[in-house]
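# Architecture at a glance
Okay, here's what each chain looks like letter by letter:
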Amino acid sequence: MSLSAMSARLSGKTVLITGASSGIGRATAFEFSRTAPDIKLILTARRIDTLREIAAQIEGESQGRTKVLPVMLDVADQKQVAEFVGSSLPEEWRAVDVLVNNAGLVKGVDKVGEIKDEDINIMITTNVLGLINLTQQILRLFHARGSKGDIINIGSIAGREPYAGGAIYCASKAAVRSFSDSLRKELIATRIRVMEIDPGQVETEFSVVRFYGDKKKADAVYQGVDPLTPEDIAEVVVFVAGRRENVVVADTLIFPSHQAGAGVMHRKST
Ligand SMILES: NC(=O)c1ccc[n+]([C@@H]2O[C@H](COP(=O)([O-])OP(=O)(O)OC[C@H]3O[C@@H](n4cnc5c(N)ncnc54)[C@H](OP(=O)(O)O)[C@@H]3O)[C@@H](O)[C@H]2O)c1
């Protein structure tokens, strides 16, 4: 069976995905395996049991062609990130070709002055510092192998259009966007591609996390609208990674059809 150009380009690569236990990260892991079964996936998140289940599902579905390494990694913990790349990542998994910086979260809808310290802390350490620290570590591996590789950062429409009740999350995603843009310029003489994907509304565990586990409040966010699925974003992640090495899909903004901005949403009345 002949492979599509995209499958052929991705075959044999090693892809590291953060936040692979749920939502966009999980869907991206499946999409890579379905597009190029002979791929190696390093799946990281805090929920290791969930990652192990996903690893078993992907290995089963690909009939053992996709090799999966599930790793417990809290990206907000700088020491863990440094140890993971610096020493604990096994030799046969160190040739990372693609880093998908997807782990991220939002907490609450409080206005500035009322925001809980722990919410500020976890959003900034995860969405900003975690992404920066892991990128720094993986860049060393990329440079050691001829300055080649892909960095795919999951930003958000929130990083482009800040909204009331999201000051910290929006600022964190604006930081991701700015970091991506600086890095792309710094790496212009290399074959390292920096690609940012900014989703609009996607139905995942994102809103459940925002409302501290309150499923009713989370469900209300998606009432009367038709949000993107995690697979919709996963397809874009795999597409950008699967371009010819001279093609950099630098910046992508993806909405469901009822959305045209951070707060610009058409809701069907029920
Ligand atoms: N859903 C949306 O509407 C939307 C829109 C724009 C952008 N995004 C962005 O898309 C990305 C993925 O979110 P999602 O919608 O797929 O939400 P999700 O279903 O809640 O998934 C978030 C993932 O991030 C992981 N994570 C959170 N904190 C972490 C930490 N400290 N260390 C390691 N992993 C951590 C979670 O795993 P563990 O809990 O197991 O650690 C989980 O796998 C995020 O960066 C988010 O900001 C989402």
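One can find the structure itself at the top, above this paragraph.
The sections below set out a description of the structure shown in this document. Just so it is clear, the model here is predicted, and its values are computed rather than measured. (Residues numbered from 1 in each chain as written. Predicted model: local features only at pLDDT ≥ 70, side-chain atom pairs only at ≥ 80, totals over all residues. Heavy atoms only, no water.)

What follows concerns the layout of surface pockets. Volume-wise, the largest pocket comes out at about 1200 Å³. Secondary-structure elements contributing two or more residues to the lining of the largest pocket are helix H2 (23-35), strand S2 (40-45), helix H5 (117-144), helix H6 (167-186) and helix H7 (206-210). Of the residues forming the lining of the largest pocket, the biggest block, 4 residues, is contributed by H7. Considering the residues around the second largest pocket, the lining is formed by Arg9, Lys13, Asp97, Arg145, Lys148, Gly149, Asp150, Arg191, Arg193, Arg243, Arg244 and Glu245. Only strand S5 (148-154) and strand S6 (191-199) provide two or more residues apiece to the lining of the second largest pocket. Element by element, the count of residues in the lining of the second largest pocket is highest for S5, at 3 residues. Its residues placed into classes, the lining of the second largest pocket shows no nonpolar, 1 polar and 11 charged. (1 Å grid on protein atoms, 1.4 Å probe; cavity = no way out; pocket = protein on both sides within 12 Å on 5 of 7 lines; lining within 4 Å. Points joined across faces, edges and corners; volume = space filled by probe spheres on them. Helix = DSSP H or I, 4+ residues; strand = E, 2+ residues; numbered from the N terminus. Nonpolar A, V, L, I, M, F, W, Y, C, P; charged D, E, K, R; others polar.)

Here the focus is the site of the ligand. Lining the immediate surroundings of the ligand are 29 residues, of which Ser22, Arg46, Asp74, Tyr169 and Thr204 lie closest. At 2.8 Å, a side-chain N or O of Ser21 approaches an oxygen atom of the ligand. Between the ligand and Tyr169 there is a distance of 2.7 Å, counted from an oxygen atom to a side-chain nitrogen or oxygen. Expressed as a share of its isolated accessible area of 880 Å², the protein-covered part of the ligand is 96%. Among the detected pockets, the ligand sits in the largest pocket. Among the elements of the structure, H2 and H6 are those that each provide at least two residues to the shell around the ligand. Per-class residue counts for the shell around the ligand are 12 nonpolar, 12 polar and 5 charged. (Near = heavy atom within 4 Å. Polar contact = N/O pair within 3.5 Å; in protein donor to acceptor, adjacent residues only side chain to side chain. Areas by Shrake-Rupley, 256 points an atom, 1.4 Å probe, with all protein chains shown as cover. Sits in = over half its atoms within 2 Å of the grid points.)

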